[in-house]
Structures are given as structure tokens and as C-alpha cells.
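# Inside the fold
What follows is the residue order along each chain.
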Amino acid sequence: DRERPGTISLPTVLAQDTLRQRLTLSLAYSSCVRDRDLHVLAQGLPPELVELRLTFASCPNVTDDGVHALSSKLPANLQRLVLDLSSCPEVTDKALELLSEELPLHLQELELCMAYCHEITFRGVAALAVNLPTGLTTLKVMLRGTEVNKVFDSPAALQRFVNGQGSLSTMVGPLSLSGWG
């Protein structure tokens, strides 16, 4: 890093790695990770990525804005996205809506964990269902510990849930939870 001799800038290094097709990075369980870090990371995502795995589980300072910064820079040719935002208390429906609107058209596999993000509701799940790329073949969405409290294992399962629910009123009560995920 020219501004800080003796250090390197991860986003700069990643951005210069124009041939990289796969990236896995975990910054989980850190209260130091903030939205600006996701923004900086997003700026450095290699353009030729086909597979991206990111974990920000239990990062209490990651919010909808950070998720949006990241999702707005997803590489166009991305085919597989694994994103773990579980137990990020500031992640809400807005993050799910913004992420779903930015999913690359060529995405084939999506694994999304937003378990214990207590502000995720039917509204966010419905936005995801509406915006799934048409070529998506594999979908795994973990929403345990949210208002939805469900795991989806395919695009069809997500679509059935959204089309059949319409509201969360049918999910209230202990009997409605039997047989889920």
C-alpha cells in the first residue's frame, strides 16, 4: 500500500488479480467489521469471479448498507454465491430486497444464510422469490430464528412458500411449525 508502506491492501490485491475465478473469505465473529469494510471489499472484487463465498456471521456492525454495497458490485459472470450473514442484528428485509435486485443474471447457485437476523420477514423473502435469476438451479436459504423461521432448499420451495402464504398470519401457533425444514 503506497499510503502505508509495509502493508498491503486486500481490495487492491484482489482487484489486480484479474484472472481469479474463485474467492472465499471469512470475517465472521468480528465487531470490527463494518459497512465501510464491505464497501471497500466490494470495490476490489475480481471481475472474472464465477464463485464467491463470504462469511460475515455474527458481525454486529454489518447493516443493510454494507450488504447493498457488496451486492451492487457482484461480478456479472458470477455463477455461485455463498453469503453468510447469520446473527447480524442490523440486517433486515431491506438487505434481502437490495441483494435480490442485484443478483447476477448468470447466477446458477445461491446459498444464503440469514438465520437469527430478527428483522427478516415475509416481505424480504417475497422480494427474493420475485427476483431470483431464471437460470438459478440450486438455492439454499436459511432463515431460522427470523419471523419466517424456515429453510428453503430449492427455488421451487421458495416460490411455493411465497405463493401459498401471502401473509404470515397462517404461520402463527405451534401447529403451523410442524414439518418445517
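A brief report on the enclosed structure follows. (Residues numbered from 1 in each chain as written. Predicted model: local features only at pLDDT ≥ 70, side-chain atom pairs only at ≥ 80, totals over all residues. Heavy atoms only, no water.)

### Notes on helix 3 (residues 64-71)
Counting buried positions along helix 3 gives six out of eight residues, so the element sits mostly inside the fold. Turning to helix 3, its buried residues are Asp64, Gly66, Val67, Ala69, Leu70 and Ser71. (Buried < 20%, exposed > 50% of the residue type's maximum accessible area, 1.4 Å probe, protein only. Helix = DSSP H or I, 4+ residues; strand = E, 2+ residues; numbered from the N terminus.)

### Focus on the sheet that holds strand 5 (residues 138-142)
Spatially, the six strands line up as an open sheet ordered 1-2-3-4-5-6, and their pairing is mixed. The sheet is open, and its two edges are formed by strand 1 (22-26) and strand 6 (151-152), each paired on a single side. Where strand 4 (residues 109-113) meets strand 5, five bridges bridge the pair, whose relative direction is parallel. From the neighbouring strand, Leu112 faces strand 5, where its bridge partner is Val141. (Pairing = 2+ DSSP bridges.)

### Quick word on the packing of aromatic side chains
Aromatic ring pairs are described here by two measures, namely the spacing of the ring centres and the angle between the planes. Enumeration over the complete set of coordinates arrives at two aromatic pairs. Members of the aromatic cluster, connected to one another through ring pairs, are Phe122, Phe152 and Phe161. (Phe/Tyr/Trp six-rings, centres within 6.5 Å; stacked < 30°, edge-to-face > 60°.)

### Some details on the environment of Gln16
Looking at the element boundaries, Gln16 is found in helix 1 (residues 10-16). Sequence separation between Gln16 and Pro46 is 30 residues, and the spatial gap between their C-alpha atoms is 7.3 Å.

### Observations concerning unusual backbone geometry
Its identity is not glycine, yet Ser87 carries a phi of approximately 60 degrees, on the positive side. Mapping Ser87 onto the fold places it in the loop between strand 3 (80-84) and helix 4 (93-102). Relative accessible area serves as the criterion here: at 29%, Ser87 is assigned to the partly exposed category. Of note in this structure, Tyr116 is not a glycine but carries a positive phi near 65 degrees. Inspection of the secondary structure puts Tyr116 in the loop between strand 4 and helix 5 (122-131). Among the residues examined, Tyr116 registers a relative accessible area of 45% and is labelled partly exposed.

### Some remarks on the nonpolar core
In a soluble, globular protein the nonpolar side chains are often hidden away together inside. Ranked by size, the top nonpolar core spans 48 residues in total, and within it Phe56 and Met114 carry the most contacts. When residues in this core are grouped by element, the largest group, five residues, is from helix 5. Residues contacting Phe56, with those up to four places away along its chain left out, are Leu27, Ala28, Val33, Leu38, Leu41, Leu70, Leu83, Asp84, Leu85, Ser86 and Cys88. (Core = buried A, V, L, I, M, F, W, Y, C linked by side-chain atoms within 4.5 Å. Contact = heavy atoms within 4.5 Å.)

### Quick word on helix 4
The buried count for helix 4 comes to seven of ten residues, which makes it a mostly enclosed element. For helix 4, the complete set of buried residues consists of Asp93, Ala95, Leu96, Glu97, Leu98, Leu99 and Ser100. Contacts from the buried residues of helix 4 go to helix 3, strand 3, strand 4 and helix 5.

### Structural notes on the layout of surface pockets
Roughly 160 Å³ of internal volume is contained in the largest pocket. Considering the residues around the largest pocket, the lining is formed by Leu10, Pro11, Leu25, Leu27, Val33, Asp37, Val40 and Leu41. Looking at the lining of the largest pocket element by element, the count peaks at three residues for helix 2 (residues 35-43). Of the residues that constitute the lining of the largest pocket, the class distribution is seven nonpolar, no polar and one charged. (1 Å grid on protein atoms, 1.4 Å probe; cavity = no way out; pocket = protein on both sides within 12 Å on 5 of 7 lines; lining within 4 Å. Points joined across faces, edges and corners; volume = space filled by probe spheres on them. Nonpolar A, V, L, I, M, F, W, Y, C, P; charged D, E, K, R; others polar.)

### Quick word on the environment of Cys32
Residue placement: Cys32 occurs in the loop between strand 1 and helix 2. Between the alpha carbons of Cys32 and Asn61 there is a distance of 7.5 Å; along the sequence they are 29 residues apart.

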